[in-house]
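Listed below are the residues making up each chain.
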Amino acid sequence: MIIKKKTAEELRSFRWLGVQDLRAFGHRSRAMQMGYGPEDWVGKPLIAILNTWSDINPCHAHFKHRVDDVKRGVLQAGGFPIELPALSLSENFVKPTTMLYRNLLAMEVEELLRSHPVDGAVLMGGCDKTTPGLLLGATSMNIPAIYLPAGPMLRGNWRGKTLGSGSDGWKYWDEMRAGEISPQQWSEIEGGIARSYGHCMTMGTASTMTATTEALGMTLPGASSIPAADANHIRMSAATGRRIVEMVWEDVTPDAILTRPAFGNAITVAMAMGCSTNATIHLIAQARRAGHDLGLDDFDKASRTVPVVANVRPSGDRYLMEDFYYAGGLPALMKQIAGHLDLSARTVSGKTLGDDIAGAEVFNDDVIRSTDNPIYAEGALAVLRGNLAPDGCIIKPSACEARFLKHTGPALVFDSYADLKAHIDDEDLDVTPDTVLISRNDGPQGGPGMPEWGMLPIPKKLLRQGVRDMLRISDARMSGTSYGACILHVAPEAHVGGPLALIRTGDKVTVDVDARRIDMDVSQTELDERRQNLTPRSAAFERGYGWMFNRHIQQANLGCDFDFLQTGYGAAIGEPAIL
C-alpha cells in the first residue's frame, strides 16, 4: 500500500504540463505532436529513464531492449516513462580513460534531470564509471532515483577452461610475452573471454560499484548480482520501473538513502567482496557529494576488521560473478557479515537493509564464505602513507604475493607510462625481481584523467625467468580485474609536484603493509634540493573540457571530483524558471 506524500499538483512535471498558460500550452501541444495525449500524463509521475546504451558499449548492449522492460514497469505502476540518453562511457573503447569523463556524465545527469519535466529517475548503468557518474548527478539533483545495474556477463571459456574478464587477459598476455602460448591461442582467448552482453564478471570495478550501490540502498534487493543474460534481469528491470513510481509518491529522495551509515555499509561490503581499488575514489566522491566527509582512513579502518568472504577472482582463486549469483548473491554475503553492517539503514525498497536481507541464504559456502572461514583475514585494501605518499596510496593485499607486503628494493623510475612501455622489454634493462618499478605523471592531471595503467607490465626478461609479480608503484589507477603487488593512487600525484616526482632510479623504497608505510630512503635535505631543480610539466589541455578538467579536478584521496561540484560549493540551485 503506497502512502502518498504529495498530490498530482505537487509533482515537478505539473509545472510543465498541468498549469493553464501559454508556455504549458506549448509543452502539451508538443507532447501531443509525438502522439501522446492527456491520458498519458495527467495525474501521473513522469519518470526519466537515463539510458547509457550505445552501439560501442558491450557492457550495456542489452539496454537497448531492457529499457522497454523498465517502461513496462513504469506503465504498470501508473507512471509516464521518458527515455533520456546519457553519456555511455564504454570502458573498453573510450580513451585515454573513462575516468576523464566520469564527472562529465555526473554533470549531464544533474542537468538532464533539472531541465526536464521529470518527477523521478531510473539510472541505467553498470560499466565502470557509469555507476558513480549516474549516482553523483542524481545525488546533486536529489529527486527520487533508483539504480538499475547492467549485470555481469556470463563466464568466459577457452578450450574447456573458465576465463575471467580482464584477469585472464593480463595473465595470458604475460604468458604470450614469455613464449608460453602461441598467437593462435591468444586469438582464441580473445574470442572466448567475453561471450555475452553485461559488464566484467570478475570482481572488477563494475561488479564492485554495482554491489556498493546495492549496499548503499539505491537498488532493489539482490539486483546487482543478477547476470545480464538471465531472465531474472528482465523481471528486475520491470520491478525497478514499478518501484520508482511508488518512490515519487512516497517522496523518497537520495538524501534519505545516502546517509553516513549507508556509506559505512558500502565500504564494509566492498572489503568483504575483495573490491576493486577504484572503490576508494568513487565512494569518497559520492559521499562528499552527499555531504559526508568520507576519506581513506574510513577504508583502512574497515579493512582491519572486515574479512574478504567472496571467493571471486581476482582476490579469490576460482569463482566468478555468475557463481556468486547462484550462491545467493549480495544479500547472502551481507547476511554473512551482518554484524559489521548498520541494518537500520533505509533503502529504495521502502524498508531497511535488515529487512531486505532477512530471508537471504548461502547456497555454496565456498563461493560466499563465513567470517570464520574467509579467503583473506583482513579487508581487500590497505592505505599506505609516508614520504612517498603523504596523502595516501592504495594496495590490494588480497590479490598480491605475500612476500611483497614487507619489501625493500631499488627503484626503477619511468617518467610516464609511455616511457615505461617503450623500455620495459629491453634485454639490457637493469632490473631484478626485487626491483620496485615506478611510473609517474599518470595521475588525475598527469595522465590525464588517471588511466588504468597501474598494473605495470613485468619486464619480459623476468617473465622468462618465471617471475609473475613484483612491487609496482604509480599515481595511476588499475582495473579492478587486475592483480599483483601494485601500489596505486599515490597522492599528491607527480604532475602537481608530489614526492613521487622526486624519486630517482636507484633510491631504496620500503613498503610495510602491516605498518601502513611507504617510504623512500632519501633525506629531507636531498629531497628539498631535488625539488628546487624540478621542472614543472605542461598541462595536457589548453582548451575545451580538458582545460576545465585540469583546473578543477581534485586528487585521488579526495575522490577526483570537480571542486565546483562539491555540495558546499556555492548556493543551492533552485528549480528552473518557466516563464
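Everything numeric here is computed off the predicted structure, so don't read it as measured data.

*Asks:* Which residues make up the overall build of the chain, and what values go with them?
*Replies:* Scanning the chain from N- to C-terminus turns up 21 helices and 14 strands. Taking 579 residues into account, the globule formula puts the C-alpha radius of gyration at 25 Å, and the chain, at 24 Å, falls close to it. Each principal axis of the C-alpha atoms in the chain carries an extent, and together these give about 80 × 55 × 45 Å. In the chain, buried positions account for 60% of the 579 residues.

*Asks:* I'd like to hear about the layout of surface pockets, residue by residue, with values.
*Replies:* The computed volume of the largest pocket comes to approximately 1500 Å³. Forming the boundary of the largest pocket are 49 residues, of which Gly 166, Gly 169, Trp 170, Ser 479 and Thr 481 lie nearest the centre. Mapped onto the lining of the largest pocket, the elements with two or more residues apiece are helix 7 (167-177), helix 8 (183-192) and helix 18 (417-423). Per-element tally for the lining of the largest pocket: the top contributor is helix 7, with five residues.

*Asks:* Quick one: what's the story with the sheet that holds strand 2 (residues 80-85), residue by residue and with numbers?
*Replies:* Here we have four strands laid out as an open sheet, ordered 2-1-3-4, and parallel in their pairing. The outermost strands of the open sheet, each flanked by one partner alone, are strand 2 and strand 4 (145-149). On average, adjacent strands in this sheet sit at an angle of 20° to one another, irrespective of strand direction. As defined by bridge partners, strand 1 (residues 46-51) adjoins strand 3 (residues 120-125) across five bridges and the pair is classed as parallel. Within strand 3, the position partnered with Ala 48 by the bridge is Ala 121. Together, strand 1, strand 3 and strand 4 form the strand contacts of helix 10 (residues 231-250), whose direction differs from that of strand 4 by roughly 175°.

*Asks:* Can you tell me about the packing of aromatic side chains, naming the residues and giving the values?
*Replies:* Counting across every chain of the model gives ten aromatic pairs. Seen in terms of ring centroids, Tyr 325 and Tyr 326 are 5.9 Å apart; in terms of plane orientation they differ by 50°. Their pairing is tilted. Residue classification places Tyr 326 among the partly exposed residues on the basis of a relative accessible area of 44%. Site record: aromatic cluster; members linked through ring pairs are Tyr 101, Tyr 545, Phe 549, Phe 562 and Phe 564. Just above the ring of Trp 249 sits the side chain of Lys 4; from NZ or CZ to the centre is 4.1 Å. Above the plane of the ring of Trp 16 lies Arg 15, whose end atom (NZ or CZ) is 5.7 Å from the centre.

*Asks:* Break down empty space enclosed by the protein for me, citing the residues and quoting the values.
*Replies:* Where empty space is left in the structure can be found by rolling a water-sized probe over the atoms. Considering all chains together, one arrives at one cavity of 30 Å³ or more under this definition. Taken as a whole, the largest cavity spans an internal volume of roughly 60 Å³. Together, Glu 214, Gly 217, Thr 219, Pro 221, Pro 331, Met 334, Thr 347, Leu 353, Asp 356 and Ile 357 line the largest cavity. Counting only elements with at least two residues in the lining of the largest cavity, the list comes to helix 16 (329-336) and helix 17 (353-357). Per-element tally for the lining of the largest cavity: the top contributor is helix 17, with three residues. When the residues that make up the lining of the largest cavity are grouped by side-chain class, the tally is five nonpolar, three polar and two charged.

*Asks:* Please set out the nonpolar core residue by residue, giving values where relevant.
*Replies:* Among the nonpolar cores identified, the biggest contains 95 residues, and Leu 283, Phe 324 and Leu 333 are the most heavily contacted of them. Take this core: its biggest share by element is nine residues, from helix 12 (residues 260-273). Counting residues in hydrophobic clusters, the runner-up holds 45 residues, among them Cys 400, Phe 404, Ala 411 and Met 470.

*Asks:* Help me get a handle on unusual backbone geometry, residues and values and all.
*Replies:* At the junction of Lys 95 and Pro 96, the peptide bond is cis and its omega measures out at 5° in the coordinates. By the element assignment, Pro 96 lies in the loop between strand 2 and helix 5 (102-115). Arg 313 connects to Pro 314 through a cis peptide bond whose omega is 10°. With respect to the helices and strands, Pro 314 occurs in the loop between helix 14 (296-305) and helix 15 (321-326). For Asn 142, which is not glycine, the phi torsion reads 60° and is therefore positive. For Asn 142, the location among the structural elements is in the loop between helix 6 (130-141) and strand 4. Its identity as a non-glycine residue notwithstanding, Asp 251 has a phi of 60°, on the positive side. Residue position: Asp 251 is located in the loop between helix 10 and helix 11 (254-257).

What counts and how
- Residues numbered from 1 in each chain as written.
- Predicted model: local features only at pLDDT ≥ 70, side-chain atom pairs only at ≥ 80, totals over all residues.
- Heavy atoms only, no water.
- Helix = DSSP H or I, 4+ residues; strand = E, 2+ residues; numbered from the N terminus.
- Rg over C-alpha atoms; globule rule 2.2 N^0.38 Å.
- Buried < 20%, exposed > 50% of the residue type's maximum accessible area, 1.4 Å probe, protein only.
- 1 Å grid on protein atoms, 1.4 Å probe; cavity = no way out; pocket = protein on both sides within 12 Å on 5 of 7 lines; lining within 4 Å.
- Points joined across faces, edges and corners; volume = space filled by probe spheres on them.
- Pairing = 2+ DSSP bridges.
- Axes fitted to C-alpha atoms, helices over the stretch in contact; angles between N-to-C directions.
- Contact = heavy atoms within 4.5 Å.
- Phe/Tyr/Trp six-rings, centres within 6.5 Å; stacked < 30°, edge-to-face > 60°.
- Lys NZ or Arg CZ within 6 Å of the ring centre and 35° of its normal.
- Nonpolar A, V, L, I, M, F, W, Y, C, P; charged D, E, K, R; others polar.
- Core = buried A, V, L, I, M, F, W, Y, C linked by side-chain atoms within 4.5 Å.

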